[in-house]
Number of protein chains: 2
Amino acid sequence: MSKEIPYKIYLEESEMPKEWYNVRADMTKKPAPLLNPGTGKPMTAEELGVVFCDELVKQELDETTPYIPIPEEIRNFYKMYRPSPLVRAYCLEEKLGTPAKIYYKFEGNNTSGSHKLNSAIAQAYYAKKQGLKGVTTETGAGQWGTALSMACSYLGLDCKVFMVKVSYEQKPFRREVMRTYGASVTPSPSMDTEVGRKILEEFPGTNGSLGCAISEAVEVAVKSEGYRYVLGSVLNQVLLHQSVIGLETMAALKKYDIKPDMIIGCAGGGSNLGGLISPFMGEKLRGEADYRIIAVEPASCPSFTRGTYAYDFCDTGKVCPLSKMYTLGSGFIPAPNHAGGLRYHGMSTTLSELYNQGLMEARSVKQTEVFAAAEQFARVEGILPAPESSHAIKVAIDEALKCKETGEEKTIVFGLTGTGYFDMYAYEAFHDGKMTDYIPSDEEIAASLANLPKVEG
Amino acid sequence: MSKEIPYKIYLEESEMPKEWYNVRADMTKKPAPLLNPGTGKPMTAEELGVVFCDELVKQELDETTPYIPIPEEIRNFYKMYRPSPLVRAYCLEEKLGTPAKIYYKFEGNNTSGSHKLNSAIAQAYYAKKQGLKGVTTETGAGQWGTALSMACSYLGLDCKVFMVKVSYEQKPFRREVMRTYGASVTPSPSMDTEVGRKILEEFPGTNGSLGCAISEAVEVAVKSEGYRYVLGSVLNQVLLHQSVIGLETMAALKKYDIKPDMIIGCAGGGSNLGGLISPFMGEKLRGEADYRIIAVEPASCPSFTRGTYAYDFCDTGKVCPLSKMYTLGSGFIPAPNHAGGLRYHGMSTTLSELYNQGLMEARSVKQTEVFAAAEQFARVEGILPAPESSHAIKVAIDEALKCKETGEEKTIVFGLTGTGYFDMYAYEAFHDGKMTDYIPSDEEIAASLANLPKVEG
């Protein structure tokens, strides 16, 4: 039985995107600007330039240019591990007995183990071009830190990574991969920064959070000559770079005349989801096509589904600009039993605005259900998925099973952001029946939200 | 600067091999037969059928059929993770400043992390077809065990894995991956088998060896109703299945009119090397083309370069047939500081015969040099290589640097068998300067070889 659609659709190198797509250009109501926490006014390019590279500041603030050329050096680096395959999940479909057609865009075939490399190489490239010595960053599950280490090593930039303490401990081998690429890795909060010392004093036994680690990385960047800070998610520039995922996905689908009914992606800060859906959202915004777009988040860190849409601090130390987004409050720290990434208290401003406009849905799923879906997927599709990616798998399976009930032949596309090789402690807990679910109470979320900054907008 | 040859050459699904290639068919002098250790006579199909599946016994003994059809079910499974890319190492070439053109066939893009899945699915398929309940096997570094677990889980077969104790301890997460795929994993030597108990009594603190683990797995297969034993390397059937690597490589090269000067592969039992070189060796045997073919082995387990070509036991417990091969003696156990696989005391009989006929070369390399090459490769090619694969990287780099001296534009193809995500302890030792080299003394090898069985041939 030969299949009309191959198991894996690979674009030719010549079909790879030459421009990133900036979804903000097609939004009538734009995402809210970043604000200076001191003045309450929109951050200027000059102010942002203290923290970020100049070219990235331009990209961050550009709301009007729909297509931005990808520099040739970055396109060549992309060719090292891209195009990534769009996989038809024939085996999963058969196992589920669903009439739905399931596709996933697999971003895990590179050593960072995820899509994060798409933006890491772009940010490192612009830092190098500006003549900087190095960059600082934070990492949660370690995927972003690994990706940035790879990009910096390739370009000969120094790389300092603050890794959320609980992940540092749960994923000891991640540090070794980063070291292989020559990066320095510090568990956060640390005694190396003012903000780290302050947080440790206030919460001595803390497991850390992305919000803390961001504060530390920003402090080091601002205080070190020739350094800037880079971030793997949340920012507009990151969604821009990650649009390469969605553009490739769309090109692969169009090559075979496939029209998806829904696009599903996991959402932490929004880098994967934003990148995957951007061009589809663009068609939706321009009235050219309609798609259901579903963000999937952990029930233990449910910013879209239980957060509030408001200006908030991006980091725990409150050194970053204010951002209008769905947030659980900058002091929110997910329970330590939550494995993997998707731990950020907030969300991309662009995605927040799109969600607020009703252009996409969001769903939260429990950790044990996510790992059950991960194992089911691994057994038939032969890929061991990252816990983050498995949030999308869970909802894709749910939707495919609905199709089984109704008999509808829907086409489901989801983002498989990465592999779970460094998440075996979590898999072990799951196998041993020791994994638990944690859902924050309304009171807990309300308490965290009580500390939102007072800002109009 | 656009490249004429893409960074990654992917075949279309329609270009994937539909038949395996059996290099023995083109050999004038065939590999020596397996012998019954009791009678000293060639093993019959009936005798082998006690241990192996019937169809695999046929393949094991078939010295005349050059092409054997790949069943459609296996071809469909292959499509889940194949074709694998043939990668042009543009970035490595640039870094080395060599005029050589370097290509590698990358087999690591599946959860087993290596080429082992190519034979695992074939062996599991024939076991299932024969109506068996399950299979037993041994695993060293864990790649074969993971691959077999994946294949068995897909087909609904039970899978019992004996894992060399030192690897079991160095690679705790490998066990969890196998559990994800529903396999049972026992560190070897164990108290579960007669041979395991005997070995433990004689060598209480032993780190285990592939030879021990094979004995245990064979014992359990023979004693359990509805079970057979399967092996991930050494055997003719394994080389046959792995020929898919070489066939794809050759098809990809021919698609772009590339004529390689040398083919380099790491060699433990010979599964990867044999698979990679088979079709090239075939052309050589038929006088259609000439290639340099280089086997690379660890200096700590140098069967080709320092072993002897003789009949020997395949396993420590001496329960398996005798095989004529380059061997260090069935009691040889590599030093515990040796990381990763390539720990087998012997070698594929087919490769041994080809080497003995002078049709290929062999080289041994030291562990610390191998990790230095691995790190150099990772930093420019973005793939974290397995220690096994890095043996081939080391020699490919050496050859490319020779071209730099001579100015020759040679085309080098090597096999990148897998990824090193589960080898981070070894990378850590390397980074910390704690990795050492071990080269067995002549006396040590002579002592081990003193126990060769007395057999004519």
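Please refer to the structure higher up on the page.
Read on for an overview of the structure. What you see as residue numbers is a count from 1 along each chain, following the sequence as written. The lettering of chains begins at A and the numbering of ligands begins at 1, in the order of writing. With pLDDT at 70 or above as the cut-off, local features in this predicted model cover only qualifying residues; side-chain atom pairs require 80 or more to be listed or tallied, and sums for whole chains, interfaces and linings still use all residues. Processing note: side-chain calculations cover all non-hydrogen atoms of the structure and skip hydrogens and water entirely.

## Side note on the relation of the copies chain B and chain A
Both copies of the chain are tied together by a single rotation about an axis and a shift running along it. Once chain B has been moved 0.0 Å along the axis and rotated by 180°, it coincides with chain A to within an RMSD of 0.0 Å. Such values leave the two copies arranged in the relation of a two-fold axis. Residue by residue, 98% of the interface of chain B is reproduced at the interface of chain A, so both copies engage with the same surface. When the copies are superposed, the least-squares fit takes in the C-alpha atoms of residues with a pLDDT of at least 70 in both. We call two residues contacting when some pair of their heavy atoms lies within 4.5 Å.

## What about the sheet that holds strand β15 (residues 411-416) of chain A?
Residues and elements named next belong to chain A. Two strands are said to pair when DSSP picks up at least two bridges between them. Numbering of helices and strands starts at the N terminus; helices are DSSP runs of H or I of at least 4 residues and strands are runs of E of at least 2. With mixed pairing, the 7 strands of this open sheet are ordered in space as β1-β4-β5-β15-β10-β11-β14. Where the open sheet ends on each side, the last strands, each with one partner, are β1 (8-9) and β14 (361-365). Pairing between strand β4 (residues 86-88) and strand β5 (residues 101-106): 3 bridges, direction antiparallel. Directly across from L86, in β5, lies its bridge partner K105.

## Some points on the environment of L449(B)
All names here are of chain B. Along the chain, L449 falls in helix α18 (residues 442-449). Note: C-alpha distance between L449 and P17 (432 residues apart in sequence) is 41 Å. The contact partners of L449, leaving out residues within four places of it in the chain, are T308, T327, L328 and G329.

## Topic: the packing of helix α15 (residues 367-381) of chain A against helix α16 (residues 387-406) of chain A
Residues and elements named next belong to chain A. Here α15 crosses α16 at 85°, and the two axes come no closer than 8 Å. Taken together, the axis directions place α15 and α16 in an arrangement best described as roughly perpendicular. Each of E369, V370, F371, A373, A374, Q376 and F377 in α15 lies in contact with α16, whose residues at this interface are P387, S390, H391, I393, K394 and I397. Polarity classes work like this: nonpolar for Ala, Val, Leu, Ile, Met, Phe, Trp, Tyr, Cys and Pro, charged for Asp, Glu, Lys and Arg, and polar for all others, with Gly in that last group. For the contact of α15 with α16, the per-class residue count stands at 8 nonpolar, 3 polar and 2 charged. Axes here mean lines fitted to C-alpha atoms, for a helix over just the part in contact, with angles spanning 0 to 180 degrees between N-to-C directions. When an angle is under 35 degrees it counts as roughly parallel; over 145 it counts as roughly antiparallel; between 65 and 115 it counts as roughly perpendicular; any other value is oblique.

## Notes on the packing of aromatic side chains
In summary, the pairing rule links any two rings of Phe, Tyr or Trp, Trp by its six-membered ring, whose centres are within 6.5 Å, and it sorts them by plane angle into stacked for under 30 degrees, edge-to-face for over 60 and tilted for everything else. Enumeration over the complete set of coordinates arrives at 41 aromatic pairs over all chains. Ring centres 4.9 Å apart and planes at 55° place the aromatic pair Y7(A) and Y90(A) in the tilted group. Of this pair, Y7(A) sits in the segment before β1 while Y90(A) sits in helix α4 (residues 90-96), and the two are 83 residues apart along the sequence. Plain terms: the ring middles of F52(B) and Y229(B) are 5.9 Å apart, the flat faces sit at 45° to each other, and that makes the pair tilted. Of this pair, F52(B) sits in the loop between α1 (45-49) and α2 (54-61) while Y229(B) is found in strand β9 (residues 227-229), placing the two residues 177 residues apart along the sequence. For F52(B), a relative accessible area of 7% puts it in the buried group. Each member of the aromatic cluster is reached from another via a ring pair, and the members are F77(A), Y78(A), Y81(A) and Y154(A). Positioned over the ring face of Y309(A) is K324(A), at 4.7 Å from the centre of the ring. Relative accessibility decides the category of a residue: with a 1.4 Å probe and only protein chains considered, values under 20% of the type maximum give buried, values over 50% give exposed, and everything between is partly exposed. We call a charge positioned above a ring when the Lys NZ or Arg CZ atom is no farther than 6 Å from the ring centre and deviates by at most 35 degrees from the ring normal.

## Thoughts on the sheet that holds strand β9 (residues 227-229) of chain A
All names here are of chain A. Strands sit in the order β8-β7-β6-β9 across an open sheet of 4 strands; the sheet is parallel. In the strand order of this sheet, the two ends are held by β8 (184-188) and β9, each with one partner. Pairs of neighbouring strands in the sheet enclose a mean axial angle of 25°, with direction left out of account. Judged from the 3 bridges that link them, strand β6 (residues 134-139) and β9 form a sheet pairing that is parallel. Bridging from a neighbouring strand, T136 pairs with Y229 of β9.

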